[in-house]
Amino acid sequence: MLNFGRGRNQTRSSRSMSLGGMDYPDPKKKSSFVGKILLAAGLTALCILMLKQSPSFNAPSPFSHQEDGVTHVLVTGGAGYIGSHASLRLLKDKYRVTIVDNLSRGNLGAVRVLQELFPEPGRLQFIYADLGDAKAVNKIFSENAFDAVMHFAAVAYVGESTLFPLKYYHNITSNTLVVLEAMAAHGVKKLIYSSTCATYGEPEKMPITEVTPQAPINPYGKAKKMAEDIILDFSKNSNMAVMILRYFNVIGSDPEGRLGEAPRPELREHGRISGACFDAASGTMPGLKVKGTDYDTPDGTCVRDYIDVTDLVDAHVKALEKAVPKKVGIYNVGTGKGRSVKEFVEACKQATGKPIKVDYLPRRPGDYAKVYSDPSKIMHELNWTARYTDLKESLQTAWRWQQSHRGGYGNI
């Protein structure tokens, strides 16, 4: 016999009523379900009320408001080589620091070092963001009360700029415009801009002063000059305090060994000569490639002014302290002494104690024969002078960090 129905022992309260192909739940079940929803809603409301009564719930972030005696600095590119060293110095000097970086060139490991050194609430925060995203940048400025901006974020290799010029104009020039617009919209009145001697190109006379004509010969220098021009044009009708620092070839690392330079492996061929020397000394690369031996210099190789990163960030802090509303300060940051690439390689050999195989190759596009600074203006107006001027010692400091961080910040 076929069973077409439910068993007789099934209670009526658990059944559904059917009419016209539609099931209607039991009213008692519906009432129970609604009751659970109301109970959950009541508990949620109670939790929110208790949280709101907590002192920490309504307390605004220390980064979102200004505080007497505390200067809050936005450091763009603060996870990078120079930006991380600048952030370290600012934090040591009791500034409040917000680092914004998209980590395309920077290292999260450097940020972690800073966070471990300065764990106190309200000292340091890191925001992952791309300065090319105007909406994201505007949100950052709307949620934080910045007193000043140190704008380091940029791609910064001459050789790479000749291969990918549009990348450099976008990353340097366009992104600086985004930052400047956000500063103007949110009333941030101090800008310390990280520029470069590459804006001068290849001047006829040495040393370079701040009034030396700017005639850049590669996209990196051109993009930086365009950014400078935008800043200068805006400052004419603004009460913003602006400092533009044009610095020369940066070397060295934190003397206490906490931070260093760790470029991405794929960028080695475009990077600084110090990194290339260290790669050759450590065996990471089979040798050092020196491009250009027929320049009009004493030994045929390029002549550069090498500035230690510790001195460089000191110049930035002094510029921040001396910045005046409605004024623009432009300064060269260098030692005032030029050294050839061959001299540099010899110093690197002495600093590392390693033999370095050198391959001499044709010139690299976009390079210039010799560039070194006249730092008189920054000495007189900002009371700044380079202290770490021994090439070998600066390289030894950097080499120690390299040796203890074989994988860069990867071991942090």
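We now turn to the structure provided with this report. (Residues numbered from 1 in each chain as written. Predicted model: local features only at pLDDT ≥ 70, side-chain atom pairs only at ≥ 80, totals over all residues. Heavy atoms only, no water.)

Concerning the sheet that holds strand S8 (residues 241–247)
- Spatial ordering of the open sheet is given by S5-S4-S3-S6-S7-S8-S13, a layout of seven strands whose pairing is parallel. Of all the strands in the sheet, the pair left with one neighbour each is strand S5 (124–128) and strand S13 (328–333). Here the strands of the sheet are splayed against their neighbours by 15° on average, with no regard to which way each runs.
- Sheet analysis places strand S7 (residues 190–196) next to S8, joined by seven bridges and oriented parallel. From the neighbouring strand, Leu191 faces S8, where its bridge partner is Val242.
- Each of strand S6 (148–151) and S7 is contacted by helix H6 (residues 165–186), which is oriented at about 170° to S7, the strand it contacts most. (Pairing = 2+ DSSP bridges. Helix = DSSP H or I, 4+ residues; strand = E, 2+ residues; numbered from the N terminus. Axes fitted to C-alpha atoms, helices over the stretch in contact; angles between N-to-C directions. Contact = heavy atoms within 4.5 Å.)

Regarding the packing of helix H8 (residues 273–282) against helix H10 (residues 341–352)
- At a minimum axis separation of 10 Å, H8 and H10 run at an interaxial angle of 45°. In terms of axis orientation, H8 runs oblique to H10. Seen from above, H8 lies across H10 with right-handed handedness. Contact with H8, carried on its side by Ile273, Ser274, Cys277, Phe278 and Ala281, involves Val341, Phe344, Val345, Cys348 and Thr352 of H10 and no other residues of that element.
- Tallied by class, the residues present in the contact of H8 with H10 amount to eight nonpolar, two polar and no charged. (Parallel < 35°, antiparallel > 145°, perpendicular 65-115°, else oblique. Left-handed = near helix turned anticlockwise from the far one by under 90°. Nonpolar A, V, L, I, M, F, W, Y, C, P; charged D, E, K, R; others polar.)

What about the packing of helix H2 (residues 81–92) against helix H3 (residues 108–117)?
- Relative orientation of the contacting elements H2 and H3 amounts to 10°, with a least axis distance of 10 Å. Between H2 and H3, the interaxial angle falls into the category roughly parallel. The segment H2 lies against H3, with Ser84, Ser87, Leu88 and Leu91 engaging Ala110, Leu114 and Leu117.
- Looking at side-chain class alone, the contact of H2 with H3 contains five nonpolar, two polar and no charged residues.

Regarding the nonpolar core
- Ranked by internal contacts, the top residues of the largest apolar core, which has 47 residues, are Leu90 and Val333.
- In terms of residues, this core owes the most to one element, helix H9 (residues 309–322), which gives seven residues.
- Apart from the residues lying within four places of it in its own chain, the contact partners of Leu90 are Val73, Val75, Tyr95, Val97, Met150, Val317 and Leu320.
- In terms of nonpolar packing, the next biggest core, distinct from the first, is built from 39 residues, Val137, Val179, Ala227 and Val371 among them. (Core = buried A, V, L, I, M, F, W, Y, C linked by side-chain atoms within 4.5 Å. Buried < 20%, exposed > 50% of the residue type's maximum accessible area, 1.4 Å probe, protein only.)

Some words on the pattern of salt bridges
- For the structure on display, the rule yields 19 salt bridges.
- Measuring nitrogen to oxygen at the nearest pair gives 2.9 Å for the salt bridge that ties Asp294 to Arg363. Here the residue Asp294 occupies a position in the loop between strand S10 (288–291) and strand S11 (303–304), and Arg363 occupies one in the loop between strand S15 (358–361) and helix H11 (376–382), the gap between them amounting to 69 residues.
- Exposure remark for Asp294: the relative accessible area of 53% places this residue in the exposed category. (Salt bridge = Lys/Arg side-chain N within 4 Å of Asp/Glu carboxyl O.)

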